[in-house]
Every structure is written in structure tokens, then in C-alpha cells.
Amino acid sequence: MRLRTKIVLTYIAVAVFGIALASFVSSWQLKNYLNRRTMAQVTAEVQTLADVVPGQAFWPDSTGAGAERLRRIAKTLGLRLTLIRKDGTVLFDSTIPRDSLAAMENHAHRPEILRAQSGRVGTDRRLSASVNEEFLYAAMRIADERAGELDSGYVRGALNITEIETLDAQVQTIIWIVGLLTIGLITVVSLKLSTRISEPILRIASTAKAIKEGDVRQRVPVTSADEIGDLAKAINEMAEKLGNDITQLRKLERVRSEFLGNVSHELRTPIFSVQGFLETLLDGAVDDPSVNRDFLEKAHKHANRLNALLNDLIDISRIESGEMKMSYRYFPVLEFLQQIVDEMKSVAERKDLRLTLVPSVDESERVFGDRERLHQVMTNLFDNAVKYTDIGGSITCSVERDGPWCVIRVSDTGCGIGPEHQARIFERFYRVDKDRSRDVGGTGLGLAIVKHIVEAHGGTITVSSTVGTGSVFTVRLKR
Ligand code: ADP
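The structure presented is a predicted model; accordingly, all values stated were derived computationally and were not measured.

Examining the sheet that holds strand 9 (residues 394-402)
Strand-to-strand pairing in sheets goes through backbone hydrogen bonds, with the strands running parallel or antiparallel.
No. 1: Taken in spatial order, the 5 strands of this open sheet run 7-9-10-12-11, and their pairing is mixed. This sheet does not close on itself; its edge strands, each paired only once, are strand 7 (354-359) and strand 11 (460-466). For this sheet, the mean angle separating the axes of adjacent strands, direction not counted, is 15°.
No. 2: Relative to strand 9, strand 7 runs parallel, the two being bridged by 6 bridges.

What to know about the packing of aromatic side chains
No. 1: Under the definition given, this model contains 7 aromatic pairs.
No. 2: Ring centres 5.5 Å apart and planes at 50° place the aromatic pair F277 and F295 in the tilted group. Taken as a pair, F277 in helix 5 (residues 227-282) and F295 in helix 6 (residues 292-320) lie far apart in primary sequence, 18 residues in all.
No. 3: In this structure F277 comes out as buried when scored by relative accessible area, which is 18%.
No. 4: On the accessibility criterion, F295 (17% relative accessible area) is buried.
No. 5: One aromatic cluster is present, formed by Y328, Y330 and F368 through successive ring pairs.
No. 6: Geometry around Y137 places R126 over its ring, the cationic atom sitting 4.0 Å from the centre.
No. 7: If you follow K451 out to its NZ or CZ, it ends over the ring of F426, 5.5 Å from the centre.

Here's the deal with the pattern of salt bridges
Two side chains of opposite charge can pair, provided their charged atoms sit close to one another.
No. 1: Here the structure, examined in full by the defined rule, presents 25 salt bridges.
No. 2: The salt bridge involving E105 is made with R110; its shortest N-O contact spans 3.3 Å.
No. 3: Judged by relative accessible area, R110 falls into the buried class, the value being 18%.
No. 4: As a salt-bridge pair, D294 and K298 come within 3.3 Å of each other at their nearest N and O atoms. Within this pair, D294 and its partner K298 are both found in helix 6, separated by 4 residues, close to a single helical turn.
No. 5: Since its relative accessible area comes to 36%, K298 is described here as partly exposed.
No. 6: Within this structure, E112, R115, D124, R126 and R156 form a network of salt bridges that share partners.

Describing the packing of helix 1 (residues 3-52) against helix 4 (residues 162-212)
No. 1: Running from amino to carboxyl end, helix 1 crosses helix 4 at an angle of 160°, the nearest separation of the two axes being 8 Å. Taken together, the axis directions place helix 1 and helix 4 in an arrangement best described as roughly antiparallel. Considering the relative orientation of helix 1 and helix 4, their crossing is right-handed.
No. 2: In terms of residue class, the contact of helix 1 with helix 4 is built from 23 nonpolar, 12 polar and 4 charged.

Calculation notes
- Residues numbered from 1 in each chain as written.
- Predicted model: local features only at pLDDT ≥ 70, side-chain atom pairs only at ≥ 80, totals over all residues.
- Heavy atoms only, no water.
- Pairing = 2+ DSSP bridges.
- Helix = DSSP H or I, 4+ residues; strand = E, 2+ residues; numbered from the N terminus.
- Axes fitted to C-alpha atoms, helices over the stretch in contact; angles between N-to-C directions.
- Phe/Tyr/Trp six-rings, centres within 6.5 Å; stacked < 30°, edge-to-face > 60°.
- Buried < 20%, exposed > 50% of the residue type's maximum accessible area, 1.4 Å probe, protein only.
- Lys NZ or Arg CZ within 6 Å of the ring centre and 35° of its normal.
- Salt bridge = Lys/Arg side-chain N within 4 Å of Asp/Glu carboxyl O.
- Parallel < 35°, antiparallel > 145°, perpendicular 65-115°, else oblique.
- Left-handed = near helix turned anticlockwise from the far one by under 90°.
- Nonpolar A, V, L, I, M, F, W, Y, C, P; charged D, E, K, R; others polar.

Any functional reading would require information that these geometric values do not contain.
Structure below.
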């Protein structure tokens, strides 16, 4: 069932229940009140009559004039007045002609008469056997002093209460007419109201469906500042996020396939080279002493390159899959850097490069990190400095404190990096000069690995460089 129908039906059901309740309660109240009032009235009138009537109506030779007076009194009071002798014989009834009295049933066992025997007013409510309408009866014993006896008879008053029912029926009718008109009004109003609620919800539903089917650019118009407006906003935010996630995923996908392409391309060159040199050797060059050694050395160099490439690839994949676990601890930074400088000495000397460590901290200065991985980082930076600096240049490593950071710089007087390349050299396989990099045995993965490791430490790495003058790589680590 549609939300709108549900709302309208609920309103109508509530309204019908309300009307029925109002009708029931008002009917009960009205009848109760009128019955009590009428009964009190009849009782009071009968008591008064009982005081007035004795001695006049009970004479056996009661004249027509006396009967006429009683009829007038009854009419004035709006009562049916009956006088009944102690034995139950009806002596007078204001609604029955004198001649017919003899034919009337004996009234000794009427409930109100039986109840009046105690001396108080006896009452009853029932359908009158003679006129078939509902009556309230009140009877009281009266004494005829002349007869010298107390229980000489009863005066009884009866009031037709059919009009109470009629009045009640009229009130009910009015209540239901007004009620049904109200229901009509409620239906119209609730239809309008529920349309206002359900329309935007339907719009939201159709937009959500469109988003589900892939159209993440769809947005719901936010037309109100209420709960529906909030829902619309939430849907829009969700779509926005979904859109961003999808863009991100597509980007990742692209990067991934680009990377795969690069990897295959990078692997192909050394493999083909090794293959080529070996084939040439097998084809006979192996017996030619002027080239055989040279070819073997070249094949060996490419095999080494292949090995370096695979090692870097394994590192990258272990870092990215989270498989490379770091074990962090504090260790003295000067001693650490001195060790690397010592290790690099022989490599630097081969190119006649001056390698110096400029410490601005004391021996106790410590840095926080995985010593082995940071060793890999520093070796890589020194390696690059050696690779990209011409013979006779110099490489300087400095270390200093900067608030919570330990700042390590590796500077060289090498070829430098143009500003357009500086942001990209940390990307995988990005090389400023491919041939030069290959010549010096670079894989294009070194700085990508370095950046990964430094960032895993919560640190940063930046470069500043001038072409032809040299480069400075700055690493910040927690101390
Ligand atoms: P590679 O294995 O090619 O050296 P890296 O990721 O280590 O790869 O470096 C990426 C590129 O950044 C290098 O190819 C080179 O062009 C440039 N580069 C890195 N370090 C230096 C440096 N000290 N001086 C000049 N260029 C550098």
C-alpha cells in the first residue's frame, strides 16, 4: 500500500473511532442525566400529590367533578396520574375514561406499588402494557384518615420517557452528520498533506535508484529544512562520496595498469639484452677472444639490473600490501649516518667525490624509526647523489634538530633536477633522463620506495634543486 493511502486511512480510522466514542459517551451522559432528572421530577410530584390528594379521591362516591380536577392537575404536571386502592383496584386514571376503569387489570403487583408498601416512594421503569411506550413510574402510599385506617391506597404518577430516546437519537444524528463532514474534511486535508510528504520521498527514492544503477551524478533537490530535507541532503552526500570513491577507484585502476605496463616494459630490456648477448656468444662469439669477455660482462650487467629491478619491485609490493613490517625504536642518529657515510666512501672515491658529514647535533641525539629501513632510505639518497654527480663533485650530509623533528639533508653538486620534474621524481618509474638513469643502473623505483618508507614513519621527504648546481633531499623524522 502506498504511504499516502496508509496515512489517509489511518486518519479516517482515527476519526471514525473518535466520532463513535463521542457519540457513545454523549448518549450515555445525556440519557443518564435525563433519566435521573425525570425520575426526581416524578418522585417529587408524586410526593406532593400524596400530600394533597387524600380525602378527596378516595371517597367511594367520588364525583365526576373531583375526577375532572385530578385530570386537570395531571395535565398541568404533564403526568399520567393513577389512584389505586390498597387491594389493587384502579379507582382513577387520568388517561382512561371512568367507564373503562372496571376493565383494568389489578395493580397490586405492579413493582412500584410493591415497593411503595414500605411507606417511601416506589419507582419503576418499563414499557406500559396499556400504551406500549416507555414510562417512569413513581407511587406513594396515602392514608385515608376518615376510613380510620392507614393503608387505604396509592397515588401513582407516570411519565412518558419516549422523548428521551427521541432526543438522544437526534443528538446522535447531529454528532454523526458533523462527524462525517469532519471526516470528509480530514480526508481532503490529509490527502494534501500526505502528498506533500510522499512526493519528495518518491523523488528521493527514484534518485536513489538512479544512483544505485550507476548514475552517481544524480542529486535530489533539497526543498525544505525538515527531516525530508535532511534525508535529501544525506542522499546527496552519499552520492557525492560514492562518486569520489568511484573516481578514486578508477584512478587506482589506471595507476595499476600503468604500473603493470611499466614493469613489463622495464623487464623486457634487460631480458632481451641478456638473451641477445648469450645467443651471439653461442652462435660463435664465444670463441672470439676479442669480444667474448665483453659480451659476457654485458650480459652480466643486464642480469644484475634485472636483479635490482626485481628487488625493488618486491620491496614496493611488500610496502603497498602492508607486508613490510616496521620495527620502531630510538637509535643514535650520528652513529647511524656515520656508518652509511663510511659504507659509501669507496663508491664515492671511485668517482673522486668528496663525502662529508656535517653534524649539528651531539652524539646522544636519537631518532625514532626502523633502523634497517631508514638505512635503505639513506643509502638510496647517497646512491643517487653519487650517480647524478659528475666526477670531482662533493656530497654533504647534514643533520639538525627542528622542534619535534630530526632533519637530515643529503646535498650534492650534481646535474640537478628541473622544477617541472621535482614533484614527479617520487613516482614509480619516473626518471628525468631515462638513458642516464639506465646507464648508472637506476630502476626508477628508488625514490618511490624511499618516500613510502619515510611516510610510513610519519615523516616527510622533499627536494630542492637547481639544474647544473645540485640537489638537496630533506628528510624529516620524529626524534
Ligand atoms: P633511479 O633508479 O632512476 O635513480 P630514483 O627513483 O632513485 O630512480 O630517482 C628518480 C629520478 O630522479 C632519477 O631517474 C633522476 O632523474 C632523478 N634524481 C634522483 N636523485 C637525483 C639527484 N641526486 N640528482 C639529480 N637527479 C636525481
